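# Architecture at a glance
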Amino acid sequence: MAEDSGRLSRTSAVAVRFPIIRGCLVYAGTIYALLIALSVIVLLPVLWMLSTALKPQSQIFAFPPVYLPHPVLWSNFIDALTAQPFALYARNTLLLVVINVIGQVFSCTLIAYGFARLRFPGRNVLFMIMLATLLIPEQITMIPLFVLYRTLGWVGTYLPLTVPSFFGNAFFIFLLRQYMLTLPYELDEAARLDGCSTWQILYRILVPLCFPPLTIIVVYTFTGVYNDFLGPLIYLSDPNTFTLAIGLANFVGRYTSQWNYLMAASLVILLPLLVTYYFAQRHLIGGIASFGVKG
Amino acid sequence: MARTVDLARPAIRRRRGRLARKEMLEGYLAISPWLIGLLVFAALPILASLGLSFTDWNASSAQAPAWIGLRNYSDLVNDEYFWTALRVTFVYALLSVPLNLIVGLFLSMLLNQKLRGMYLFRTLFYLPSVIAGVATATLWLWIFNPIYGLLNVILAKVGIAGPAWLSDPAWALYAVVIMSLWGVGGGAVIYLAGLQNIPAHLYEAASIDGAGRWAQLRHITLPLLSPTILFLLVMGIIGAFQTFTTVYVLTGGTGGPEQSVLFFMLYLYQKAFQDFQMGYASAMAWIGAAIAMVLALLVFKSSPLWVHYESERT
Amino acid sequence: MRRLFAVLIAVVVVAVPMTRSLSVPSTATAARARANIVTITWWNPDIVAWQPTYQALARAFMKQYPHIAVQVINIPESGYATKVATNIAGGKGPDVWVNSHTPEQYPTSPAQPLNSFMAADHVNPNIWFQPAVSNALTYKGIYYSVPRDMGISALAYNVDAFNKAHVALPTDRWTLMDMVAAAKKLTNASQHHWGLNYEGGFGTITDLSPILWDFGGSFVSDDGHKAVGYMDSPATIKAVQFDWDLINTWKVVPPATVMGSFGIAGSSAQGNAFLAGNAALDPIDGDYAIGDLKSASFKWGEAIYPTLPGHPHYAYLYPAGYSMWRGSTHKKEAWALMKFISSPAANAIVAKTLFWTPPTLATWKQFGLDKISVWAAFWKTRTFQTKLPPWIAAQFWGDCTTPLMNLSDKIERDVVARAAIPAQLKAIAQKVQSCFDRDYARLHR
């Protein structure tokens with residue numbers, strides 16, 4: 001750093017910018033300090049998860065609580081992950097995740113485009129109806145929906161857990177519509193003058209610009225399907241088709257619970273989600289940088 | 001910006017009749033997956049739940065629903081716990097939605113800096129929102145432990161005797177609000193997407209004009225983020241009405257001491273799957289949906305006053 | 001974007017055949033299909049650790065009935081009620097499932113009446129060793145369930161804690177006041193030691209122990225229809241004041257704020273302060289607690305639950321019952337399984353793991369459980385008179401008793417005076433009664 005500033009001070013132009021650099025350092029330092037302080041708050045509970053995961057059953061409810069487990073039982077991780085066929089559950093869950101992600105990305109893009117960029121009678125009313133469907137809690141529609149899927153012969157298969165994703169999700173459509181509304185309409189008009197069709201505008205012009213919200217849709221769908229407990233619980237009855245969320249819930253009972261196993265398995269299962277997000281956001285930044293089209 | 005386009009509009013307008021029809025068809029085609037999904041998968045169950053709200057039906061019995069007209073709705077008006085549940089949910093929404101909006105915005109602006117290691121920080125803050133509900137809630141049970149919990153231990157260090165949190169009806173709801181803030185990273189991720197869409201040259205131009213950070217926030221960031229804020233506000237209101245798993249685990253499904261955290265969905269769940277009064281629960285769901293819808297509509301009606309879209313086409 | 005899609009499609013292409021290979025029946029299943037084997041489903045709500053016992057039961061059954069394949073399906077407890085209600089109401093229920101209806105609800109429930117099956121197979125219900133087992137599973141003489149287990153309460157004690165405090169161990173001749181006296185000596189709140197474990201919602205006097213009945217009180221009438229005259233009776237008031245004294249006068253139980261540390265309310269809270277070594281005495285429920293007690297880090301024993309001097313002993317008992325879905329298409333096979341899992345043969349398998357207390361007399365004798373000291377308390381309790389727990393007896397218990405639970409909360413937080421309890425209970429009884437009446441009126445419309 002000292003070497004740098006020595007080199008920079010040789011030119012007068014840089015001498016002017018020097019206070020700004022120092023300002024930047026102070027600024028960056030403040031940002032880092034804030035982020036690290038907040039990270040500690042976020043991480044402490046996770047560390048507690050880890051500590052629980054490494055405890056023998058007898059220390060979990062020790063009072064006063066045991067913060068550092070002794071002995072440290074790394075074997076809990078092995079026991080937790082072998083207590084149930086987690087590899088099988090992971091495979092099942094992954095399949096559901098991938099199909100849902102494809103379904104949501106494809107359908108939500110198209111539907112949000114209709115609501116954000118195309119004009120047709122009843123658009124706003126339909127949009128409000130779509131939002132309204134978010135308000136009816138699933139606990140109430142669960143039984144009628146089950147009857148519907150049973151009539152279709154879908155109960156016991158993955159169809160109730162995958163097919164609906166190809167018909168869009170109100171939350172994601174709303175998110176994507178809001179984002180598309182922030183993109184200047186000149187883009188569409190210019191593309192149209194260049195001879196692009198309505199669909200070419202969507203897939204050539206808008207979709208590349210919508211990478212940030214699409215990334216969110218991918219990540220949220222991943223998380224949602226991964227953690228979905230009620231859906232698989234209700235529609236699946238063959239243990240070979242069960243998912244990770246069901247496996248996790250199996251550690252918790254009304255009379256006995258294996259909290260150490262629950263936390264150990266939760267932590268392991270968390271990793272794919274975090275890795276997905278880490279890489280998804282890199283992709284997101286890349287998407288922005290490579291398309292420098294700004295209004 | 002929009003004005004330059006207007007100059008080109010007359011030429012377009014001439015072809016409007018034919019184009020408008022084409023655009024209409026294409027519009028319907030674009031939203032057709034949702035329309036089909038609505039008619040095939042959503043409409044029937046939703047209408048069925050509306051129908052059930054006029055019946056008395058024990059979902060665990062082998063008996064068919066019995067029509068009782070508006071009885072469920074009139075019973076709800078006289079149900080003190082229904083009003084308690086509404087009050088709890090409203091107070092929670094009033095506290096947690098604005099807090100999450102503000103803290104989320106602040107956090108996302110921190111995370112939007114072009115500094116080394118940001119990917120890592122973003123992943124870290126996103127972490128709480130991906131931990132499954134049950135694990136999160138068990139964690140917080142310990143944090144709120146009145147004697148040994150992290151929170152009260154820290155408060156004691158600065159000389160404050162912390163409350164009994166979840167065991168105290170006066171504090172339980174605040175505990176849930178605090179817990180909701182831990183998951184603020186989920187909202188920050190959405191803000192981030194919006195922030196990254198704001199062209200850097202706007203800030204550069206503003207700082208050349210001598211605008212400070214506060215002015216930049218007020219005149220550039222907030223207006224351009226307003227569609228995202230609208231989204232998070234509406235989803236926050238809906239989310240408050242659907243808060244369930246965390247309070248279910250935190251209170252063992254009871255709604256806390258003296259119903260202090262009896263959230264709307266928790267009470268609905270108790271009625272539907274503990275008392276199996278499916279008709280009553282359905283009526284409750286429809287009232288809840290109506291209230292949330294009115295709130296969402298109010299937000300939308302107010303949106304032209306504060307939401308700024310780049311492409312206003314009505 | 002295109003690259004992203006390419007990756008996703010590649011994953012599907014790889015993942016789909018993988019999963020398909022899972023759903024292709026294995027050779028064994030295929031062979032069974034050829035041999036006309038009937039598959040029945042059996043739903044349970046217990047945690048992973050208990051599954052080997054269920055699997056062992058299913059294997060033993062299939063050995064005996066080679067033409068029936070049993071699919072043991074473990075449904076996480078947290079979603080059990082939702083799954084059962086949704087699937088049964090939606091027309092795709094299990095053949096056999098752990099059912100918990102109030103006897104009064106049986107005739108209108110999806111549970112198949114079993115008397116004709118029992119008569120045809122000469123099944124004698126007297127093999128189940130407490131009349132209350134039959135009471136919980138029948139309505140007007142018709143069986144709707146068979147018992148999996150028989151949870152009886154007893155008083156568990158931490159031998160090490162007693163020895164350390166130089167307090168004499170509990171005996172079967174103890175009275176409730178002996179229990180309180182010992183608990184006082186064993187309590188040292190500053191050291192986080194308490195005499196007696198505590199369960200909220202009046203659980204300490206009703207849910208796990210018969211204290212309320214010992215006092216001569218009860219929250220509801222035996223048929224579950226009446227609260228007035230029961231919830232506010234002098235005997236009930238005395239029992240509730242006893243609960244108040246445990247918390248606020250004698251202070252021998254962990255305070256409500258501390259109890260939260262021993263687990264989540266409603267899930268595994270039971271026995272945790274005891275298991276953690278912080279409470280020296282604990283009302284335990286045989287079938288659920290034994291599995292946990294085996295992991296205790298201290299020496300423990302059990303005595304029968306004490307009562308008041310001169311009062312009769314009550315047993316606190318509740319069995320988990322298996323029912324057959326009325327809509328089952330394999331009722332004959334489902335009955336075969338039910339008959340088996342409640343038989344001494346199946347109980348013998350359970351007796352080896354002892355995750356729950358076997359309900360048949362023969363099993364107790366066969367394995368000498370009556371002679372093993374930690375089990376003897378349950379055995380002695382078998383002859384005591386008993387009733388159905390209030391939350392089973394009253395079908396609208398959950399819907400109507402919130403005011404009663406609130407009183408319990410207030411007592412725990414010491415915000416209601418002891419002298420105010422009679423008036424409070426009187427008002428609560430009225431409130432609960434009007435809720436009962438309203439719910440029954442709906443039912444008979």
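Because the structure is a prediction, the values reported are computed rather than measured. Throughout this document, residue positions are counted from 1 along each chain, in the order its sequence is written. All chains are assigned letters beginning with A, and all ligands numbers beginning with 1, in the order in which they are written. Predicted model: local features are reported for residues with pLDDT of at least 70 only, side-chain atom pairs are reported and counted for 80 or more only, and whole-chain, interface and lining totals are derived from all residues. Remark: hydrogens and water are excluded; side-chain values derive from all non-hydrogen atoms of the structure.

## Focus on the overall build of chain C
What counts here: Numbering of helices and strands runs from the N terminus; a helix is a DSSP stretch of H or I covering at least four residues, while a strand is a stretch of E covering at least two. With a 1.4 Å probe rolled over the protein chains alone, any residue whose accessible area is under 20% of its type maximum counts as buried; one over 50% counts as exposed, and the rest are partly exposed. Note on contacts: a residue pair is in contact if any heavy atoms of the two residues lie within 4.5 Å. For the accessible areas, the method is Shrake-Rupley and the probe is 1.4 Å, while residue cover comes only from the protein chains on display.
Counting its regular elements, chain C contains 21 helices and 13 strands. A total of 445 residues make up chain C; the buried ones form 60% of that total. The long-range share in chain C, meaning contacts at least 24 apart out of those at least 6 apart in sequence, stands at 75%. With an accessible surface of roughly 17,000 Å², chain C has 58% of that area assigned to carbon and sulfur atoms.

## Points about the packing of aromatic side chains
What characterises a pair of aromatic rings is the spacing of the ring centres plus the angle enclosed by the ring planes. Formally: Geometry of aromatic contacts follows a simple scheme: Phe, Tyr and Trp rings, the Trp one being its six-membered ring, pair when their centres are within 6.5 Å, and the pair is stacked under 30 degrees between planes, edge-to-face over 60, tilted otherwise.
All chains considered together, the criterion is met by 66 aromatic pairs over all chains. Seen in terms of ring centroids, A:Phe146 and A:Tyr235 are 5.7 Å apart; in terms of plane orientation they differ by 10°. Their pairing is stacked. Residue A:Phe146 is found in helix 7 (residues 138–152), and its partner A:Tyr235 is found in helix 13 (residues 230–235); the two are separated by 89 residues along the sequence. In terms of burial, A:Phe146 and A:Tyr235 fall into one category: buried. Taking the centre distance of 6.5 Å and the plane angle of 45° together, the rings of C:Phe162 and C:Trp174 count as tilted. Remark: C:Trp174 occurs in the loop between helix 7 (159–164) and helix 8 (176–186) and C:Phe162 occurs in helix 7; sequence separation between them is twelve residues. By relative accessible area, which is 0% here, C:Phe162 ends up buried. An aromatic cluster is defined as three or more aromatic residues linked by ring pairs; in this entry it consists of A:Phe115, A:Phe120, A:Phe127, A:Phe171, A:Phe172, A:Phe174, A:Tyr220, B:Tyr28, B:Trp34, B:Phe231 and B:Phe300.

## Side note on the interface of chain A and chain B
What counts here: Residue type decides the class: Asp, Glu, Lys and Arg count as charged, Ala, Val, Leu, Ile, Met, Phe, Trp, Tyr, Cys and Pro as nonpolar, and the leftover types, Gly among them, as polar.
Opposite the 99 residues of chain A that make contact, chain B presents 101 residues. Counting residues per element, the side of chain A that touches chain B draws most heavily on helix 2 (residues 12–53) of chain A, at 17 residues. Taken together, the residues of the side of chain A that touches chain B sort by class into 78 nonpolar, 13 polar and eight charged.

## Things to note about the interface of chain C and chain B
Put simply, the rule is: Note on definitions: buried area is the accessible-area loss of two parts on being combined, 1.4 Å probe, summed for both. Whenever a carboxyl oxygen of Asp or Glu lies within 4 Å of a side-chain nitrogen of Lys or Arg, that contact is scored as a salt bridge. Here a polar contact is recorded for every N or O atom pair within 3.5 Å, except that within protein the pair must consist of a potential hydrogen donor and a potential acceptor, and residues adjacent in sequence are included only if both atoms are side-chain atoms.
Contacts between the two partners involve 32 residues from chain C, matched on the other side by 38 residues from chain B. A combined buried area of about 2,700 Å² lies between chain C and chain B, and 49% of that area is made up of carbon and sulfur atoms. The interface formed by chain C and chain B holds five salt bridges in total. The shortest N-O distance in the salt bridge between B:Lys271 and C:Asp399 comes to 2.2 Å. If you look at where chain C meets chain B, you find twelve residue pairs in polar contact (both at pLDDT 80 or more). Elements represented by at least two residues in the side of chain C that touches chain B include exactly helix 4 (77–89), helix 11 (256–259), helix 19 (397–400), helix 20 (402–412) and helix 21 (421–443) of chain C. No other element matches the six residues that helix 4 of chain C contributes to the side of chain C that touches chain B. Residue classes in the side of chain C that touches chain B are distributed as nine nonpolar, 13 polar and ten charged.

## Considering the environment of C:Ala161
Residues and elements named next belong to chain C. For Ala 161, the position within the fold is in helix 7. Judged by its relative accessible area of 23%, Ala 161 falls in the partly exposed class. Leaving out residues up to four positions away in the same chain, Ala 161 has contacts with Leu 186 and Ala 280.

## Looking at the confidence of the model for chain B
Residues and elements named next belong to chain B. Test applied: As a per-residue quantity, pLDDT reports the predictor's confidence and falls between 0 and 100.
On average, residues of chain B score 87 in pLDDT, and 93% of them are at 70 or above. Within chain B, helix 1 (residues 2–14) has the poorest average pLDDT of any element, 46, and helix 4 (residues 80–111) the best, 95. Predicted confidence is poor over residues 1–8, with pLDDT under 50, and the contacts of this stretch with residues over four places away or in other chains come to six contacts.

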